Amino acid sequence: MNEARFRWRTLFLLAYLLFALLPIYWMVNMSFKTNQEILASFTLLPQQFTWANYATIFTDASWYSGYINSLIYVAINMVISIAVALPAAYAFSRYSFLGDKHVFFWLLTNRMTPPAVFLLPFFQLYTTLGLMDTHIAVALAHLVFNVPLAVWILEGFMSGVPREIDETAYIDGYSFPRFFLTLFLPLIKSGVGVAAFFCFMFSWVELLLARTLTSVDAKPIVSVMTRTVSASGMDWAVLAAAGTLTILPGAVVIWFVRHYIAKGFAMGRV
Amino acid sequence: MKPINQKAWWLVLPVVICVAFSAVLPLMTVVNYSVQDIISPERRVFVGTEWFAAVMRDEELHAALWRQLTFSLAVLAVEIPLGIALALSMPARGWRASLVLVLVALSLLIPWNVVGTIWQIYGRADIGLLGAALAWLGVDYSYTGDATDAWITVLAMDVWHWTPLVALLCYAGLRSIPDAYYQAARIDGASRLAVFRYIQLPKLRGVLMIAVLLRFMDSFMIYTEPFVLTGGGPGNATTFLSQYLTQKAVGQFDLGPAAAFSLIYFLIILLLCFILYNWMQRVGTADREGAGHE
Amino acid sequence: MFAWMVWTTPVAVFFCCIALMLVGMTVWEIKAPTVSRKGFLPIATTRGDRLFIGLLAAAYINLGFIGLAGKLAEWLSLAQEPSIWISFVVSMAVLALILRRG
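Residues numbered from 1 in each chain as written. Chains lettered and ligands numbered in written order. Predicted model: local features only at pLDDT ≥ 70, side-chain atom pairs only at ≥ 80, totals over all residues. Heavy atoms only, no water.

## What to know about the overall build of chain B
Across its full length, chain B carries 12 helices and two strands. In chain B, the order of α-helices and β-strands from amino to carboxyl end is α-β-β-α-α-α-α-α-α-α-α-α-α-α. The dimensions of chain B, computed from C-alpha atoms along their principal axes, are 75 × 65 × 30 Å. Counting the 294 residues in chain B, one finds 57% classified as buried. (Helix = DSSP H or I, 4+ residues; strand = E, 2+ residues; numbered from the N terminus. Buried < 20%, exposed > 50% of the residue type's maximum accessible area, 1.4 Å probe, protein only.)

Below, the structure is given as structure tokens:
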């Protein structure tokens, strides 16, 4: 590899990382300050270092149960999304059937509805079904935008796998489920990793639907956070601490799927 | 050509049921809202196309639509090239790859209301890092006072927040290119640019289409972040479509007009995405045909 | 059960038409599979594509007409705004044209 090019690439990467991490640094920085310090002075490091904001979150049940609720519905959503998207993506990438392109595009259109007005029918639909304030309700509602995305991502990765592999496997006497699970799935690991991460991410940060469909028992962290705005002003420090904590589960998820993303297509070395 | 197999419908059916369950009934309901004046579920009047007419003739909305289009195009123009460049410069393997991957993804994981709040402090000249740094450089910057500054800040925030999405998709796409392709290119003595143009870009077509459409749809419906950061101001500088819609729906609680607005909004996104989708597919096919003739 | 959907007859009729169209297109497709062809539209289309494009075009024509109806009444000094049925007929004609020639 060319030495000068390598240096430019590294420089660019470092510059981007600086741009990407400074706001996050500022958030973490804020989370160790007091509200007074945040608003009164510009300090690169907390002058009066405090754990109080984190203590608030870990000792108040309404705060930490928010994290648990979010994790539950996000996990349900992720599992359902990937489980239903895998066979569908396989069908779209391997066969043509009646209305295939139209169904595919229709799936995408479900990401295109501006939420403000659609919240009310969602609320009423789930009330009618008696699912209000349950984790499953939020998980189901989030399927609307996560399933199309998962199908789409997986379809892209599956199309990259040559069809001869399927044909050879069927000739060798593999049944469809066995072929799919033991041969095909390992080939599209990176796609599954990316799709799982995106499902996690979009469900984790979604605020409007999650807030509308829950009140007490399944109240997610994103909606607990809006509490920090009160008549006496904003509780910046606790919000920053809560924000810092919301990054962690996602960082763990991406840490687990990183190999799938980075390793890519196993066929490359055959 | 893909073989025709109608049984493939059985594989797709679960997805259709999952999505239709939560998508079709609400859509029908919103269409119902849009043709009625609803005072309460029992007291409602059919008004025909009146709300649609009101929305179509709303001058403020036209302004918001143009602002929105400009913003979304700016988002695409910055984030797509930056995301590709980032994906190309990320290390391919080893612990560095893992570390960079996690660091790059961090900004995606922050809830949207927190993103706005953080930038609100971050951009302030007296107590925020960005604002203070700009002030130190002698730039007269205030996202609350100056319309251009506010617009650029919202754009910068969006770039910061969402470029990782483009980068991660492209990175995964790049990793799926077999090494044999690069080896062949090396034997042919292909330049770096040729490798990008004829090997990497065609392989990225699929993920790029996802990235472009996702970023387009999502930036077209951007709401929470600018709402928290600038509240749509100063003046109307950052009042995008979705914000205007929410002012109508929640602020004035006009369900009918807001529903009509939503449907028109949906039709605009639908048309633009349809054009974008077909255009990108055609570019891709032309590319492949061109390669075939060589 | 479905009271919350605040149904009105015109909307119900509209969705029934859409559903019937989808069923009709499916039956037609089974009886006589469509071939992708190139008409006056910039892309090669199948019957289903043309139906979608036609419906989208029809929606835009109606919306545009509603938006301009006030201005039209002014220019032509009409006593009242022209009826929505005019644009409805025009849009259906466009839909038919796209289906046949697109």
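## A short note on helix α1 (residues 9-31) of chain C
Over its 23 residues, α1 of chain C runs 32 Å from end to end, which matches the ideal 33 Å to within 8%, given 1.5 Å per residue. The inward-facing, buried residues of α1 of chain C contact α1 (9-34) of chain B together with α2 (47-75) of chain C. (Expected span 1.5 Å × (residues − 1). Contact = heavy atoms within 4.5 Å.)

## A short note on the pattern of salt bridges
Counting across every chain of the model gives six salt bridges over all chains. Here Asp 218 of chain B makes a salt bridge to Arg 111 of chain A, at a shortest N to O gap of 3.4 Å. Placement of Asp 218 of chain B in helix α9 (residues 192-220) and of Arg 111 of chain A in the loop between α5 (100-109) and α6 (115-128) is noted, with the two residues assigned to different chains. Both residues of the pair, Asp 218 of chain B and Arg 111 of chain A, count as buried. In this structure, the salt-bridge partner of Glu 79 of chain B is Arg 215 of chain B, at a minimum N-O distance of 2.8 Å. Of this pair, Glu 79 of chain B sits in helix α3 (residues 59-89) while Arg 215 of chain B sits in helix α9, placing them 136 residues apart in sequence. Overall, the relative accessible area of 0% leaves Glu 79 of chain B in the buried class. Exposure remark for Arg 215 of chain B: the relative accessible area of 1% places this residue in the buried category. Several salt bridges converge on common partners, so that one network encompasses Glu 79, Asp 158 and Arg 215 of chain B. (Salt bridge = Lys/Arg side-chain N within 4 Å of Asp/Glu carboxyl O.)

## Some details on helix α8 (residues 164-171) of chain A
Residue and element names in this part refer to chain A. Among all positions in α8, only Ile 165, Asp 166 and Ala 169 are buried. Projected down its long axis, α8 carries its buried residues within an arc of 100°, all on one side. Turned more than 90 degrees off the buried face of α8, the exposed positions are Glu 164 and Ile 171. Of the residues flanking the end of α8, it is Gly 173, one or two places downstream, whose phi is positive at about 90°. (Arc of directions from axis to C-beta.)

## With respect to the interface of chain A and chain C
Listed per partner, the contact involves seven residues of chain A and nine residues of chain C. Summing both partners gives a buried area of about 660 Å² for chain A against chain C, and 79% of it is carried by carbon and sulfur. Linking chain A with chain C are zero salt bridges. Here chain A and chain C share two residue pairs in polar contact (both at pLDDT 80 or more) between them. Secondary structure elements with two or more residues in the side of chain A that touches chain C: α5 and α6 of chain A. Top contributing element to the side of chain A that touches chain C by residue count: α6 of chain A, with four residues. Per-class residue counts for the side of chain A that touches chain C are four nonpolar, three polar and no charged. (Buried area = accessible area lost by both parts, 1.4 Å probe. Polar contact = N/O pair within 3.5 Å; in protein donor to acceptor, adjacent residues only side chain to side chain. Nonpolar A, V, L, I, M, F, W, Y, C, P; charged D, E, K, R; others polar.)

## Re the interface of chain A and chain B
Contacts between the two partners involve 102 residues from chain A and, on the opposite side, 105 residues from chain B. Counting each side, the surface lost to burial between chain A and chain B is near 8,900 Å², with a carbon and sulfur contribution of 80%. Joining chain A to chain B, the criterion identifies one salt bridge. In terms of residue count, the dominant contributor to the side of chain A that touches chain B is helix α1 (residues 3-31) of chain A (16 residues). Within the side of chain A that touches chain B, the residues separate by chemical class into 81 nonpolar, 13 polar and eight charged.

## Looking at the packing of aromatic side chains
Residues and elements named next belong to chain A. What the rule picks out here adds up to 43 aromatic pairs over all chains. On the numbers, 5.5 Å between centres and 45° between planes, the contact of Phe 176 with Phe 180 is tilted. Of this pair, Phe 176 and Phe 180 are both found in helix α9 (residues 176-187), four residues apart, which corresponds to roughly one turn of the helix. You can call Phe 176 partly exposed: its relative accessible area is 30%. (Phe/Tyr/Trp six-rings, centres within 6.5 Å; stacked < 30°, edge-to-face > 60°.)

## Let's talk about the side chain of Asn 29 of chain A
Along the chain, the position of Asn 29 of chain A falls in helix α1. Here Asn 29 of chain A is in contact with Thr 43, Leu 44, Leu 45 and Pro 46 of chain A, once residues within four sequence places are set aside.

## Observations concerning a nonpolar patch on the surface
Together, Leu 129 of chain A, Phe 21 of chain B together with Met 1, Phe 2 and Trp 7 of chain C make up a nonpolar patch on the protein surface, roughly 490 Å² of accessible area in all. Tracing the backbone shows Met 1 of chain C in the segment before α1. (Patch = residues over 30% accessible without salt bridge, like charges linked within 9 Å, V, L, I, M, F, W, Y side chains within 5 Å. Areas by Shrake-Rupley, 256 points an atom, 1.4 Å probe, with all protein chains shown as cover.)

## Some words on the domain arrangement of chain C
Residues and elements named next belong to chain C. Structurally, chain C comprises domain 1 (1-33) and domain 2 (36-102). Each of domain 1 and domain 2 has a C-alpha centre, and the two are 20 Å apart. Taken together, the contact between domain 1 and domain 2 spans seven residues of the former and four residues of the latter. Between domain 1 and domain 2 lies a buried interface of about 490 Å² when both sides are counted; carbon and sulfur atoms form 74% of it. For domain 1, the biggest contributors to the area lost against domain 2 are Met 21, Met 25 and Trp 28; these three give 73% of the whole. Across the domain 1-domain 2 interface, the total number found is one salt bridge. With its nearest N and O atoms 3.8 Å apart, the salt bridge here joins Arg 47 to Glu 29. Scanning the region where domain 1 abuts domain 2 turns up one residue pair in polar contact (both at pLDDT 80 or more). Residues of the side of domain 1 that touches domain 2, tallied by class, amount to six nonpolar, no polar and one charged. (Domains from an automatic or database assignment.)

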